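Close look at the chain arrangement
Next come the chains, spelled out residue by residue.
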Number of protein chains: 2
Amino acid sequence: MREALVAAAFQLFLERGYEQTTVDDIVALAGVGRRSFFRYFPSKEDVVFPDHERCLADMTAFLAAGGEEHEPLARVCDAARLVLRMYTENPAFSVQRYRLTKQVPGLRAYELSVVWRYERAFAEYLRGRFADRPDGTLRADVVAAAVVAAHNNALRSWLRSDGEGDATEAVDRALGYVQSAFGEPAPAPPAEEPEDVVVVVSRRGAPLWRVVREIESTLARTGPSPN
Amino acid sequence: MREALVAAAFQLFLERGYEQTTVDDIVALAGVGRRSFFRYFPSKEDVVFPDHERCLADMTAFLAAGGEEHEPLARVCDAARLVLRMYTENPAFSVQRYRLTKQVPGLRAYELSVVWRYERAFAEYLRGRFADRPDGTLRADVVAAAVVAAHNNALRSWLRSDGEGDATEAVDRALGYVQSAFGEPAPAPPAEEPEDVVVVVSRRGAPLWRVVREIESTLARTGPSPN
DNA sequence: GGCCGAATGGCACTCAGTACCCTCCGATCG
DNA sequence: CGATCGGAGGGTACTGAGTGCCATTCGGCC
C-alpha cells in the first residue's frame with residue numbers, strides 16, 4: 001500500500017510536476033481513499049522521502065550501539081556512510097528524487113529538515129563523546145556540520161552524474177578531508193615502523209598553522225607525507 | 001504597515017501560540033485586510049523573520065564587495081558576524097523569536113531554509129575563492145557549514161541565556177575554533193618577535209595528528225601556546 | 001475637475017490536513 | 001456456529017493557508 005502510493009505519486013510527479021499534482025490525483029491513481037494517504041504519510045512531502053524515517057532510526061541505533069572503543073569522528077563518518085548506502089541501494093529512484101527536490105522549493109525545504117535531523121543525531125552523539133573536552137558542544141556541532149556537508153557534497157555530485165561513478169569512493173574522499181581537518185584519522189594508523197627521524201625547528205611564538213605548514217613542507221622534502 | 005503586522009502577529013503568537021493564531025486574527029488586530037498580509041509576507045512563517053531577507057541581501061553584497069586582499073575564511077567569518085549583529089541589535093525580539101521557533105516545528109523548518117540560504121551564500125563565495133585549490137568545492141562547502149554551525153552554536157547559547165552575556169565574544173571564540181581547524185587564522189598574526197626556539201623531534205612516518213599533538217604538548221611545557 | 005497608477009480591501013476558489021464516523025473483514029471466543 | 005471485537009480502509013465535512021480577480025480609494029498630475 002505504501003509502495004502503491006509512492007509509485008503512483010512519483011509517476012504523476014514526473015509527468016506533471018510536484019505542485020501540479022494534488023493528493024486527490026495520487027489516491028485516484030492508486031485506487032485508494034484520500035484518508036488512507038494521510039494515514040501512511042503525514043504530509044504530501046513525506047511521500048517523496050519514504051525511507052528516511054527508517055534510515056534515521058537505523059542511524060541513531062548505530063550510534064547508540066557504538067562503545068568507547070571507536071573514535072568518535074570515525075564513528076560518525078561510518079554513520080554517514082549508512083545514509084549513503086540508502087541512496088546507492090536505489091540509484092534510479094535517488095536520481096529522480098534529486099531532480100525533483102532540486103526544482104521544487106517546498107521539497108528542498110523539507111529535505112533540509114530531514115538532513116537537519118541527521119545532523120542533530122551526529123551532534124548529540126559527539127556531544128556525549130566530547131563531554132570532557134573544552135568547548136565540547138561547539139566541537140560537536142561543528143564536526144557534525146562538517147561531516148554532513150562533506151557527505152552531501154559527494155552525494156550531490158554523484159546524483160548530478162545520474163548515478164554514474166563510484167559514490168562510495170567520492171564520499172570516502174570527502175570524509176577523509178574532514179578527518180584530516182579535525183583530529184585523529186579514523187582507523188588508528190597501526191603504528192608503522194619508524195624508519196627515520198625528522199627534526200623541525202620553529203620559532204616559539206609563531207602561530208600553530210605556520211608550524212604545521214613548515215612540518216608539511218619539511219616532510220614533503222624529506223620523504224612521503226604520512227598523511 | 002509591515003511593522004504593524006509584525007507587532008500584531010507577535011502579540012498574538014506570544015499570548016496564544018503560533019499555530020493557534022490564524023492570519024485572520026492577525027489582520028483583524030492590525031486592522032487591515034487579509035489580502036494585504038500576503039502582500040507583505042508571502043507566507044505566515046515570513047512574519048516571524050521579517051529582517052532576514054534584507055540581511056541576506058546585505059551579506060551577499062558584503063561578500064561580493066570583498067576583493068582578493070581578504071583571507072577567504074576570515075571574510076566569511078566577518079559576514080557571519082554581520083548576521084550576529086542583526087540579532088544583537090534587537091535582543092528582546094530575538095529572544096522571543098527564539099523561544100517561538102524552538103517549540104514550533106513548522107517555524108524550525110522555515111528557519112532551516114533561511115540558514116541554508118546563508119550557508120549557500122558562504123559556500124558560493126568560497127567556491128569562487130577556492131577555485132584553484134584541489135577539491136575546491138568540497139572545501140568551500142565544508143568550511144561554510146562549519147562557520148554556520150559555529151555561529152549558530154554561539155548564537156543559540158546567547159539566546160538561551162535571554163540575551164545576557166557577550167554574544168560577540170562567544171561568536172568570536174566559536175569562529176576562532178573554526179579558523180584554527182581550517183587553514184590560516186584571520187587577522188594574519190603580525191609576525192611577533194621570535195623570542196625563542198623550540199625543537200621538536202618526531203619519527204618520520206608518524207601520522208600528522210600525532211606530530212601536532214607532540215608539538216602542542218611541547219609548547220605547553222616550554223611556554224605559552226601561540227594558539 | 002478629470003485622470004491615472006499604486007496601494008488596499010473584499011470575495012471566491014483551490015488544496016493540504018484533520019476530526020469524526022462508517023463499513024468491512026478476519027480473528028477470537030462463548 | 002454465530003456473536004463480538006479490533007484494526008484497516010473509506011467517506012464527509014470542516015479549518016485555514018495561499019491565490020486570482022476585481023472593486024475601491026487615495027494621492028499626485030495634467
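In the block above lies the structure referred to throughout.
Here is a short report on the structure shown in this document. (Residues numbered from 1 in each chain as written. Chains lettered and ligands numbered in written order. Predicted model: local features only at pLDDT ≥ 70, side-chain atom pairs only at ≥ 80, totals over all residues. Heavy atoms only, no water.)

A few words on the packing of helix α7 (residues 105–129) of chain B against helix α8 (residues 136–160) of chain B. For any two helices packed against each other, the geometry comes down to the angle between their axes and how far apart the axes lie. Residue and element names in this part refer to chain B. Between α7 and α8, the shortest axis-to-axis distance is 8 Å and the interhelical angle comes to 135°. Classified by the angle their axes make, α7 and α8 are oblique. Judged by the twist between their axes, the crossing of α7 over α8 is right-handed. Together, E111, V115, E119, R120, F122, A123, L126 and R127 of α7 and T137, A140, D141, V143, A144, A145, V147, V148, N152 and R156 of α8 make up the contact between the two elements. (Axes fitted to C-alpha atoms, helices over the stretch in contact; angles between N-to-C directions. Helix = DSSP H or I, 4+ residues; strand = E, 2+ residues; numbered from the N terminus. Parallel < 35°, antiparallel > 145°, perpendicular 65-115°, else oblique. Left-handed = near helix turned anticlockwise from the far one by under 90°. Contact = heavy atoms within 4.5 Å.)

This brings us to the protein's contact with DNA strand C. Surrounding DNA strand C, one finds 16 residues, the nearest of these being R34 and K44 of chain A together with S36, R39 and Y40 of chain B. Sugar plus phosphate: this is where 46% of the atoms of DNA strand C within 4 Å of the protein reside. The separation between a phosphate oxygen of DNA strand C and a polar side-chain atom of Y40 of chain B is 2.7 Å. Among the elements that make up the surface near DNA strand C, the one with the highest residue count is helix α3 (residues 34–40) of chain B (four residues). Of the residues in the surface near DNA strand C, the class split is five nonpolar, six polar and five charged. (Near = heavy atom within 4 Å. Polar contact = N/O pair within 3.5 Å; in protein donor to acceptor, adjacent residues only side chain to side chain. Nonpolar A, V, L, I, M, F, W, Y, C, P; charged D, E, K, R; others polar.)

Close to DNA strand D lie 16 residues, the nearest being S36, R39 and Y40 of chain A together with R34 and K44 of chain B. Backbone atoms, meaning sugar plus phosphate, form 46% of the atoms of DNA strand D positioned within 4 Å of the protein. Between DNA strand D and V23 of chain B, the relevant distance is 3.3 Å, taken from a phosphate oxygen to a main-chain nitrogen or oxygen of the residue. Elements with a minimum of two residues in the surface near DNA strand D: α3 (34–40) of chain A together with α3 of chain B. Looking at the surface near DNA strand D element by element, the count peaks at four residues for α3 of chain A. Of the residues assigned to the surface near DNA strand D, the class counts are six nonpolar, five polar and five charged.

Turning our eyes to something else, we now look at the environment of P134 of chain A. All names here are of chain A. In this fold, P134 is placed in the loop between α7 (105–129) and α8 (136–160). The class of P134 is exposed, set by a relative accessible area of 59%. Separated by 113 residues in the primary sequence, P134 and T21 place their C-alpha atoms 51 Å from one another. (Buried < 20%, exposed > 50% of the residue type's maximum accessible area, 1.4 Å probe, protein only.)

Next up on the list: the packing of aromatic side chains. Across all of its chains, the model carries 15 aromatic pairs over all chains by this definition. With 6.4 Å between their ring centres and 40° between their planes, Y177 of chain A and F182 of chain B make a pair best called tilted. With Y177 of chain A in helix α9 (residues 167–181) and F182 of chain B in the loop between α9 (167–181) and β1 (196–204), the pair connects residues from two separate chains. Pair check on accessibility: Y177 of chain A and F182 of chain B agree, each one buried. Judged by centre distance (5.2 Å) and plane angle (80°), the rings of F37 of chain B and F38 of chain B are edge-to-face. (Phe/Tyr/Trp six-rings, centres within 6.5 Å; stacked < 30°, edge-to-face > 60°.)

Attention now goes to the pattern of salt bridges. All names here are of chain B. Counted under the stated rule, the structure contains 27 salt bridges over all chains. Linking E124 and R120 is a salt bridge whose minimum nitrogen-to-oxygen distance equals 3.5 Å. Taken together, the positions of E124 and R120, both in helix α7 and four residues apart, correspond to about one turn of that helix. Taking the relative accessible area as the measure of exposure, E124 reaches 47% and is therefore partly exposed. For D141, the salt bridge goes to R120, with nearest N and O atoms at 3.9 Å. (Salt bridge = Lys/Arg side-chain N within 4 Å of Asp/Glu carboxyl O.)

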